[in-house]
There are 2 protein chains.
Amino acid sequence: VLALSQVPASIIDGLRKQGFNVVQVVWKRFPDGEFYLRIPKDEISASEIFIVTTMYPEQSERFVELYLALDALRGIGVKAKSIAILYLAYARQDKRFLPGEPISIAALLRPLTLYAVNELVVVDIHAYETIASEVKELNIRNILPHSYLAKSVGIKVDFVLAPDKGALHRAKSVAEEYNVGYDYLEKFRDRISGEIRISEKELDVRGKHVVVVDDIVSTGGTLAKAIEALYKAGASKVYAIVTHALLVGNAIKKLEDVGIDMLITANTIIHSEVPSWLRVVDISPLVAEALRRS
Amino acid sequence: VLALSQVPASIIDGLRKQGFNVVQVVWKRFPDGEFYLRIPKDEISASEIFIVTTMYPEQSERFVELYLALDALRGIGVKAKSIAILYLAYARQDKRFLPGEPISIAALLRPLTLYAVNELVVVDIHAYETIASEVKELNIRNILPHSYLAKSVGIKVDFVLAPDKGALHRAKSVAEEYNVGYDYLEKFRDRISGEIRISEKELDVRGKHVVVVDDIVSTGGTLAKAIEALYKAGASKVYAIVTHALLVGNAIKKLEDVGIDMLITANTIIHSEVPSWLRVVDISPLVAEALRRS
């Protein structure tokens, strides 16, 4: 396994415990901002390897890093059999919402086909169908980690809520695991201002331990509104299970202000700040299993 | 002409004066750092267009922007006939200096072939041969602007110096224009520390107006050492003509400390700071001519 620059140390350790030989790229940034990498050739003896990377922080640079790594591997005659992208950035622009827009995730994954890569392991991807239809050469394995995250921490769950209809399949998977009910909130996003509004909805959560399930928490706006709605409806505890916790801007404060009890997340990115209510769960066993199957 | 996000306003104005219809992309950054663009479809009626972009600042994001623009054009059924990249970043990693390194510029231009782009206009590219041999589908037009820059400002030139052997063809082109002598300095760069050393060399420049010619000034280290050597050898005035003036870090101070008289540069990037000795020359007539020929 070749690990690119921003892969969390806990993933590297985890993969090693799973029996993989993990080699890390050598990298730096030049004073003008350009990214540089080198593959420690002498540490790689196989002719086919796996790449593990994550597309945060510096999402654009991360895609550039992946293209550079693929070119470097070509230079030493090694093929990337499969690429695990722990957090796949740019996946929310998964269709042309307005004319003249790109399908960003297709534009950024398409270059992989230049290197005959045809297996991708991703964690809770936002836009499964897009990649399948736009970049047909790529076979995708999507890890849905919510049940694993819930069980790793061992929380009590009475009800599962998706903050919008798009996250319903995630809520369903957790609800079935715990044999409890689930529902979703109607979310409206103004595509110009980006502002989020959540419709009033009757939620039967009085006195219950509710878990909100989603794929990404970025600025925390959607999650904070969902938590607020749940406490208003009488929930006794509100947990969140969100695969990728970017927590940009004042997201941490926003979630504390609405009284979040616990946020369970996967170690798909490096967390620079870990407040007491943030539980980061190592998902390297899931990644290892997906790589072995690919 | 579709102008991407970081093209200087002076280039856009210049191309318009040259008779081109220039349309600018709509762009923003999401709070988590992802780049977004949209092509104003209604302003484009042609089925084939030119793209103009520059790869600074945020070099990695600029390549991502170009891929997104190409995917967006595909979405509206418009072909990019030719792409003018005013400043082509990542061009200094133009070979595998060490085993396990990528040829970065090849890795980043190769995705253009996915969109059937086969004409590239560049300004004073560092690595002409690499692109020609590594990305064969691309036909390159390289603008060498030094004589144009010198004549635009109207300086007196007695002698031309290249700060290293690689820049000799640039010095030659200016020297021939002015019918004066030229030479180069021996530069040694430690590939690990990045430190630059210039060998002592006899230079017959006493009392002369000398112009140092190069492609890129980044941190200013090489240029400052050349200027120092020239004053030490008795030059009366030292000008520099450098196509791309990135001037990162404390480059401006470094050049002032060695007493630079004038730095003439092209408007291939946006200059946030323009000290009195920096003359930015509009090269849009050269870009327009190259686009018309492609």
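Below is a summary of the structure that appears in this document.

Rules used throughout
- Residues numbered from 1 in each chain as written.
- Chains lettered and ligands numbered in written order.
- Predicted model: local features only at pLDDT ≥ 70, side-chain atom pairs only at ≥ 80, totals over all residues.
- Heavy atoms only, no water.
- Least-squares fit on C-alpha atoms with pLDDT ≥ 70 in both.
- Contact = heavy atoms within 4.5 Å.
- Pairing = 2+ DSSP bridges.
- Helix = DSSP H or I, 4+ residues; strand = E, 2+ residues; numbered from the N terminus.
- Axes fitted to C-alpha atoms, helices over the stretch in contact; angles between N-to-C directions.
- Salt bridge = Lys/Arg side-chain N within 4 Å of Asp/Glu carboxyl O.
- Buried < 20%, exposed > 50% of the residue type's maximum accessible area, 1.4 Å probe, protein only.

## Remarks on the relation of the copies chain A and chain B
In screw terms, the move from chain A to chain B is a rotation of 180 degrees and a rise of 0.0 Å along the axis, fitting with an RMSD of 0.0 Å. The transformation just described matches what one would write down for a two-fold rotation axis. Residue by residue, 100% of the interface of chain A is reproduced at the interface of chain B, so both copies engage with the same surface.

## Here's the deal with the sheet that holds strand 10 (residues 181-184) of chain B
All names here are of chain B. In spatial order, the strands read 10-9-13-14-15-16; together these six strands make up an open sheet with parallel pairing. Each edge of the sheet is formed by a strand with only one pairing partner; in this case those strands are strand 10 and strand 16 (278-281). Neighbour-to-neighbour, the strand axes of the sheet open up by a mean angle of 25 degrees, direction not taken into account. Bridge count for strand 9 (residues 159-162) against strand 10 is four bridges, and the pairing is parallel. From the neighbouring strand, Phe159 faces strand 10, where its bridge partner is Gly181. Relative to strand 10, helix 6 (residues 168-178) is tilted by about 170 degrees, and along the sheet it contacts strand 9, strand 10 and strand 13 (209-217). This element, helix 7 (residues 221-232), spans strand 9, strand 13, strand 14 (237-245) and strand 15 (262-266) of the sheet and lies at about 165 degrees to strand 14.

## Some words on the pattern of salt bridges
A complete count under the given rule lists 35 salt bridges over all chains for this structure. One salt bridge connects Arg293(A) with Glu289(A), and the closest N-O pair in it is separated by 2.9 Å. Of this pair, Arg293(A) and Glu289(A) both sit in helix 9 (residues 284-293), separated by four residues, roughly a single helical turn. Arg293(A) gets classed as exposed once you look at its relative accessible area, which sits at 57%. In this structure, Lys156(B) engages Asp158(B) in a salt bridge whose closest nitrogen and oxygen atoms are separated by 3.3 Å. Take Lys156(B): its relative accessible area is 48%, and that puts it in the partly exposed class. Owing to a relative accessible area of 22%, Asp158(B) belongs among the partly exposed residues under this scheme. Each of Arg29(A), Glu61(A), Arg62(A) and Glu65(A) takes part in one network of salt bridges that share partners.

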